[in-house]
Amino acid sequence: MPAKEKYLSSPGQRALKITAGIIGGFAVAILFHNALGVLVENKGALIITSAITSFLLWAACMVFAFMAENGWKIWGIYLSLCALFLAVIFLV
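Residues numbered from 1 in each chain as written. Predicted model: local features only at pLDDT ≥ 70, side-chain atom pairs only at ≥ 80, totals over all residues. Heavy atoms only, no water.

Undergrad: In this structure, what is going on with the nonpolar core? I would like to understand it.
TA: Considering soluble globular proteins, one finds that nonpolar side chains tend to be buried as a cluster. Residues A20, V28, I74, Y78 and F85 are the most contacted members of the largest nonpolar core, which totals 13 residues. At the level of secondary structure, the elements contributing two or more residues to this core comprise α1 (11-39), α2 (43-67) and α3 (71-91). (Core = buried A, V, L, I, M, F, W, Y, C linked by side-chain atoms within 4.5 Å. Buried < 20%, exposed > 50% of the residue type's maximum accessible area, 1.4 Å probe, protein only. Helix = DSSP H or I, 4+ residues; strand = E, 2+ residues; numbered from the N terminus.)

Here it is in C-alpha cells:
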C-alpha cells in the first residue's frame with residue numbers, strides 16, 4: 001500500500017534532510033566531543049567512550065533530521081550547534 005502524497009516530502013526537502021542527517025549530524029557529533037574534550041580533564045576516558053557515543057549522537061541527529069518537516073530548519077539548527085561547539089573549542 002503506497003503512502004499518501006500529502007505525507008511525503010518534496011525531492012528538494014528530502015535531499016536537504018538526507019544531507020543534514022548524514023553530514024550535519026556527523027559534524028555535530030564530532031564537534032560536540034571535541035568541545036567536551038576541551039572541558040574534561042580525564043581525556044583517556046573521553047577517547048574511549050567517544051567512539052561509542054559519537055555514533056549514538058550521530059544516529060540521534062539523523063533520526064531528528066528525518067522527523068522534521070523542513071530541511072532548512074534542520075540545517076540551521078545543526079550549523080548553529082556547530083558554531084556553538086566551535087566557540088567552546090576556540091574560546092576555552
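Now that the structure has been shown, the text picks up again.
Undergrad: Explanation requested: a nonpolar patch on the surface in the structure shown.
TA: Together, I18, I22, I23 and F66 line one region of the surface with nonpolar side chains, adding up to about 360 Å² of accessible area. With three residues, α1 is the single largest residue contributor to the nonpolar patch. (Patch = residues over 30% accessible without salt bridge, like charges linked within 9 Å, V, L, I, M, F, W, Y side chains within 5 Å. Areas by Shrake-Rupley, 256 points an atom, 1.4 Å probe, with all protein chains shown as cover. Salt bridge = Lys/Arg side-chain N within 4 Å of Asp/Glu carboxyl O.)

Undergrad: Looking at this model, I keep getting lost on the packing of aromatic side chains. Mind explaining?
TA: Between two aromatic rings, the relevant description is the distance of the centres plus the angle of the planes. Counting across every chain of the model gives three aromatic pairs. Taking 6.0 Å as the distance between ring centres and 45 degrees as the angle between the ring planes, the aromatic pair formed by F55 and W58 counts as tilted. On the criterion of helical spacing, the pair formed by F55 and W58 is a turn pair, its members being three residues apart in helix α2. Taking 6.5 Å as the distance between ring centres and 45 degrees as the angle between the ring planes, the aromatic pair formed by F64 and Y78 counts as tilted. Highlighted residues: F64 in helix α2 and Y78 in helix α3, separated in sequence by 14 residues. You can call F64 partly exposed: its relative accessible area is 40%. (Phe/Tyr/Trp six-rings, centres within 6.5 Å; stacked < 30°, edge-to-face > 60°.)

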